[in-house]
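Chains, contacts and geometry: an overview
The residues making up each chain are set out below.
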Amino acid sequence: LIPAKDRTNSPSQALILGKLRLHNSSTMPLVPTVLWAQRSDKLYLTIDVQDVKDQSCDLEDEKLTFKGKAGTEQNEYSLDLTFNAAVDSKSEDSKISITPRNIFIIIKKKESGHWPRLTKESGRHLTHIKCDWDKWVDEDEEDEKPEADFSGMDFSSFGGMGGMGGMGGLGGMDFSNFGGEDEGGAEAEEELEDSDNEELPDLVKP
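Quantities reported herein were computed from a predicted structural model and do not represent experimental measurements.

Let's talk about the overall build of the protein
From N to C terminus, the protein includes two helices and nine strands. Reading the protein from its N end, one meets helices and strands in the order α-α-β-β-β-β-β-β-β-β-β. The 206 residues of the protein split such that 40% are buried. Counted over contacts in the protein with a minimum sequence separation of 6, partners at least 24 positions apart contribute 67%. Summed over all atoms, the accessible surface of the protein reaches about 11,400 Å², with 47% contributed by carbon and sulfur.

So this is what it looks like as C-alpha cells:
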C-alpha cells in the first residue's frame, strides 16, 4: 500500500484537487460592493454592479437579497444583507433604480434613528460594505443639510410587491418597484447630487 502522505501528494490527487478548486471558483457567485448612507428615517444603498442583467432583488423588513449577472463578462453576483433594524418594505418611500452604472435603492426605516452599522453582523468579513462618503452627514448636522432632490426622477414605490425578478438590464434612470410591474419610462432629467447628503460609519467599525 502507498503511505498516506504519498497518496495525498500523488499527481492524480493534486489533479483532482486542482479541478475541484477551478470548478468552485468558476461557479461561486461574486459578492458586490455595497455603498451605504443614512438619514434618521431612511437608508441609501448603492450596489456597485454595471450593466446588470437577469437580476432578482427582494426587499423584506429584515433583509435585502440580490442576484444577477453584471460586467463585461456577465459574472454571477449574489448579495444577502440582514439589516441592523427593521425597515418598511411596503412603504412608498422605499424605491429602486437600475442603471447601467449601478443599482440605487432608498429604503424607509420602520423607526427613526441612526444605526451604528448597516447590518446586524460586524467584522472583517464584511469588507464589501462601505460607507458612501458622497452622501455622508453627521447625525447632529442632519437638520442643516437637506437630502438630495430626486424630483427630476420617475420614482415608483416597492409597494410590498416582493422581488423584481428577471427585469433585465434597464437603462436610463428609471425607477421601478420591486414587483417589476411598473417600470416607469421616464428618464432622469437631472443627476443625483452627490455631496450634501448623508452617510454613516463604515460596517467594519464596532
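Details of the sheet that holds strand E4 (residues 63-70)
A sheet is described by the order of its strands in space; here three strands give the open sequence E3-E4-E5, paired in antiparallel fashion. For this open sheet the edge positions go to strand E3 (53-59) and strand E5 (75-82), each flanked by a neighbour on one side alone. The mean inter-strand angle of the sheet, taken between neighbouring strand axes irrespective of direction, is 5°. Summarising the sheet, E3 and E4 pair through five bridges and their orientation is antiparallel. When the sheet's bridge partners are listed, aspartate 58 is paired in E4 with threonine 65.

A word on the pairing of strand E1 (residues 34-39)
Among the six residues that make up E1, five are buried, leaving the element largely enclosed by the rest of the structure. Bridge count between E1 and strand E2 (residues 42-47): six bridges; the pairing is antiparallel. Counted as the bridge partner of arginine 39 is lysine 42 from E2. What sits between the antiparallel neighbours E1 and E2 is a turn of two residues. Pairing of E1 with strand E8 (residues 129-131), which is carried by three bridges, proceeds in the parallel orientation. Following the sheet pairing, tryptophan 36 is matched in E8 by cysteine 131.

Some remarks on the environment of serine 112
Position of serine 112 among the secondary structure elements: in the loop between strand E7 (103-108) and E8. Considered as a pair, serine 112 and serine 40 are 72 residues apart in the sequence and their alpha carbons are 5.1 Å apart. Residues contacting serine 112, with those up to four places away along its chain left out, are Ser40 and Asp41.

Observations concerning the confidence of the model for the protein
Confidence along the protein averages 74 in pLDDT terms, with 60% of residues attaining 70 or more. Confidence over residues 159-199 falls short of pLDDT 50; this stretch has 138 contacts with residues more than four positions distant or in other chains.

A word on the packing of aromatic side chains
Evaluation of the coordinates by the stated rule reveals three aromatic pairs. Where tyrosine 44 meets phenylalanine 104, the ring centres are 6.2 Å apart and the plane angle is 10°; that geometry is what we call stacked. On the criterion of sequence distance, the pair formed by tyrosine 44 in strand E2 and phenylalanine 104 in strand E7 is long-range, its members being 60 residues apart. On the basis of relative accessible area, phenylalanine 104 is assigned to the buried category, the value being 6%. With 5.0 Å between their ring centres and 40° between their planes, tryptophan 133 and tryptophan 136 make a pair best called tilted. For tryptophan 136, a relative accessible area of 24% corresponds to the partly exposed category.

Description of the layout of surface pockets
Of the pockets and cavities examined, the second largest pocket occupies roughly 160 Å³. If you trace the second largest pocket, you find it lined by Val31, Ser78, Leu79, Asp80, Leu81, Thr82, Thr119, Lys120, Glu121, Leu126 and His128.

A short note on the pattern of salt bridges
Overall, the coordinates contain seven salt bridges when judged by the stated rule. Lysine 42 is the salt-bridge partner of aspartate 41, the closest N and O atoms lying 3.1 Å from each other. Neither aspartate 41 nor lysine 42 differs from the other in exposure class; each is buried. Ionic pairing is found between lysine 135 and aspartate 132, a salt bridge with its closest N-O pair at 3.0 Å. Aspartate 132 shares its class with lysine 135; the two are buried. In the salt-bridge network here, residues are joined through shared partners; they are Asp41, Lys42, Lys108 and Glu147.

Definitions and limits used
- Residues numbered from 1 in each chain as written.
- Predicted model: local features only at pLDDT ≥ 70, side-chain atom pairs only at ≥ 80, totals over all residues.
- Heavy atoms only, no water.
- Helix = DSSP H or I, 4+ residues; strand = E, 2+ residues; numbered from the N terminus.
- Buried < 20%, exposed > 50% of the residue type's maximum accessible area, 1.4 Å probe, protein only.
- Contact = heavy atoms within 4.5 Å.
- Areas by Shrake-Rupley, 256 points an atom, 1.4 Å probe, with all protein chains shown as cover.
- Pairing = 2+ DSSP bridges.
- Axes fitted to C-alpha atoms, helices over the stretch in contact; angles between N-to-C directions.
- pLDDT = per-residue confidence, 0-100.
- Phe/Tyr/Trp six-rings, centres within 6.5 Å; stacked < 30°, edge-to-face > 60°.
- 1 Å grid on protein atoms, 1.4 Å probe; cavity = no way out; pocket = protein on both sides within 12 Å on 5 of 7 lines; lining within 4 Å.
- Points joined across faces, edges and corners; volume = space filled by probe spheres on them.
- Salt bridge = Lys/Arg side-chain N within 4 Å of Asp/Glu carboxyl O.

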